[in-house]
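Here is how the chains run, residue by residue.
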There are 2 protein chains.
Amino acid sequence: MNVSSKIDSYEVKVEPFHVDFRGRMFLGILGNHMLNAAGRHSHRRGWGITELNEAHHTWVLSRLSIEMNEMPQQYETVRIDTWVEGVMRLFTHRNFAILRPDGTPYGYARSVWAMIDMETRKPCDLLQLYNGDILNYVVSEEENVCPIEGHSRLRLKEPQLCRSIDTYYSDVDINGHINSIKYIEHILDLFPRQRFEQQSIRRFEIAYKTEAYLGDRLDFYIQQEDEDTVDVEVRKSDGEVACQARVQFR
Amino acid sequence: MNVSSKIDSYEVKVEPFHVDFRGRMFLGILGNHMLNAAGRHSHRRGWGITELNEAHHTWVLSRLSIEMNEMPQQYETVRIDTWVEGVMRLFTHRNFAILRPDGTPYGYARSVWAMIDMETRKPCDLLQLYNGDILNYVVSEEENVCPIEGHSRLRLKEPQLCRSIDTYYSDVDINGHINSIKYIEHILDLFPRQRFEQQSIRRFEIAYKTEAYLGDRLDFYIQQEDEDTVDVEVRKSDGEVACQARVQFR
């Protein structure tokens, strides 16, 4: 198979209710579009959620790092390319290019996914499953470059409690878990209006640790790394970490 | 012009992150799709936001009533038909049919819109604007039926404070106003998980009164009408009513 047959492109239009007060697409909306692109790319190759669920397996998003030169504006058309860069025993690396119709980049993203058995909740060995079929879809870094840094190791030493929120009906997905996109929204909501007036998000990283459920109270701890960088840790009321994030402004 | 040329159809697919824990599309997401359909229908006829903004006019959603037999499920395809049912001096009535690909209805919706002058914030006379051109797009109730009741008159006598929330970055639209869809989300979030486990929404109505802004604290007052019906009033901290809604379960 040639490289182009392993990369899928999806076009989306930036809708009016999907932009912030500056007319720029919300990062959570972009994340949602990327996860949809990932789902469709997998589905077309027989590795989609529908196919996997029959075998009692499912994909779990573990990490997502997005780096943007510029956020798309209302009514613009955005092309999302996605491909698998690598497969390890327990994880796949999936990349994204977020492009203008002329092919110039708005930005790029990297993600890490595990596949779990839905009954045991334990990870599966991706290299053994379906005789390692997934390796057929790998596009190496040489074949299609994703020119952004890998995921950071976030270590929050003395984070300060910034906000606590209760979670409700709109926060959870079909599995009853707080959905990956809602975490992004709640994290960005920690920043005041002025921040978004003066700066834009250069890079956003998130690492999902354990599931939280409808009704869980979430505590948002923050730690300022430097003038433009804030680390966030989201904890459940028992102290367990639901996710960690790094938000870098420019 | 014949009737079919005045009705537009838009197809959407129900995305994974757009369904609730029962696998049914969130009502707010459906609302968003309807507002997009309305925007595109207007745009095609020279009455879109882009065109109007040049004349310093804009559409403002005043009322929305949605009645559903069933909510679409994950991965289903939904067709949204939209048309203008009537034009009065200060308001237009726009209807929606929410259909399966085979044309059978999931449900229907009615909406009321005003056009305002962006500088004075005063309503425009729709019958005079562009020599009453908008009348060319009216589809009467006889030509295409919208078989649901009109908007109710909501009168909350002694509502009780149910929840207060602060509003953040993700709550506001390009105008800096709390966005119409977010109100729907926040209102449905007032109900506990069990309600959605045992019942589904038969009808949802909302009447937008005054704009609220990023940072405004919103108080949600509720009044139980009957076992299945709850009225909600959202007030700003100065007591002014931002919107009123009626949620009817089945």
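In what follows, the structure referred to is the one given above.
About the criteria used
- Residues numbered from 1 in each chain as written.
- Chains lettered and ligands numbered in written order.
- Predicted model: local features only at pLDDT ≥ 70, side-chain atom pairs only at ≥ 80, totals over all residues.
- Heavy atoms only, no water.
- Least-squares fit on C-alpha atoms with pLDDT ≥ 70 in both.
- Contact = heavy atoms within 4.5 Å.
- Buried < 20%, exposed > 50% of the residue type's maximum accessible area, 1.4 Å probe, protein only.
- Helix = DSSP H or I, 4+ residues; strand = E, 2+ residues; numbered from the N terminus.
- Pairing = 2+ DSSP bridges.
- Salt bridge = Lys/Arg side-chain N within 4 Å of Asp/Glu carboxyl O.
- Axes fitted to C-alpha atoms, helices over the stretch in contact; angles between N-to-C directions.

Visitor: Could you give me a rundown of the relation of the copies chain B and chain A, with the residues and numbers involved?
Guide: Note on the chain copies: they are related by a rotation about an axis and a translation along it. Structural alignment of chain B on chain A gives an RMSD of 0.0 Å, achieved by rotating through 180 degrees and translating 0.0 Å along the axis. One copy is carried onto the other by what is essentially a two-fold rotation axis. Relative to the rotation axis, the closest C-alpha in chain B is found at Ile165(B), a distance of 5.0 Å. Take the interface residues of chain B: 100% of them recur as interface residues in chain A, which is what a same-surface contact looks like.

Visitor: Can you break down the pairing of strand S10 (residues 241-249) of chain B residue by residue, with the values?
Guide: All names here are of chain B. Among the nine residues in S10, seven count as buried, and that is most of the element. Two strands pair when backbone bridges link them, and strand S7 (residues 201-208) and S10 are joined in this way by seven bridges, in the antiparallel orientation. The residue of S10 that forms the bridge with Arg203 is Gln248. The loop that links strand S9 (residues 229-236) with its antiparallel partner S10 comprises four residues; one of these, Gly239, has a positive phi angle of about 95 degrees.

Visitor: Before we move on, could you go through the pattern of salt bridges and cite the residues and values that matter?
Guide: For the structure shown, the criterion picks out 38 salt bridges over all chains. The partner of Arg110(B) in a salt bridge is Glu85(B), and the shortest N-O contact between them spans 3.5 Å. Here Arg110(B) is found in strand S5 (residues 105-117), whereas its partner Glu85(B) is found in strand S3 (residues 77-87), with 25 residues between them in sequence. With a relative accessible area of 12%, Arg110(B) lands in the buried category. Salt bridges linked by common partners bring Arg63(A), Glu67(A), Arg202(A), Arg203(A) and Glu205(A) together as one network.

Visitor: An account of the sheet that holds strand S7 (residues 201-208) of chain A is requested, with residue identities and associated values reported.
Guide: All names here are of chain A. One open sheet accounts for ten strands, arranged S1-S3-S4-S5-S2-S7-S10-S9-S8-S6; its pairing is antiparallel. At either margin of the open sheet sits one strand with a lone partner, and together these are strand S1 (8-13) and strand S6 (160-166). If you compare each strand with its neighbour and ignore which way they point, the axes differ by 20 degrees on average. Across the sheet, helix H1 (residues 27-44) is in contact with S1, strand S2 (57-68), strand S3 (77-87), strand S4 (92-99), strand S5 (105-117) and S7; its angle to S3 comes to roughly 55 degrees. Packing of helix H3 (residues 180-188) onto the sheet brings it into contact with S2, S6, S7, strand S8 (217-226), strand S9 (229-236) and strand S10 (241-249), and relative to S7 it is tilted by some 130 degrees.

Any functional reading would require information that these geometric values do not contain.
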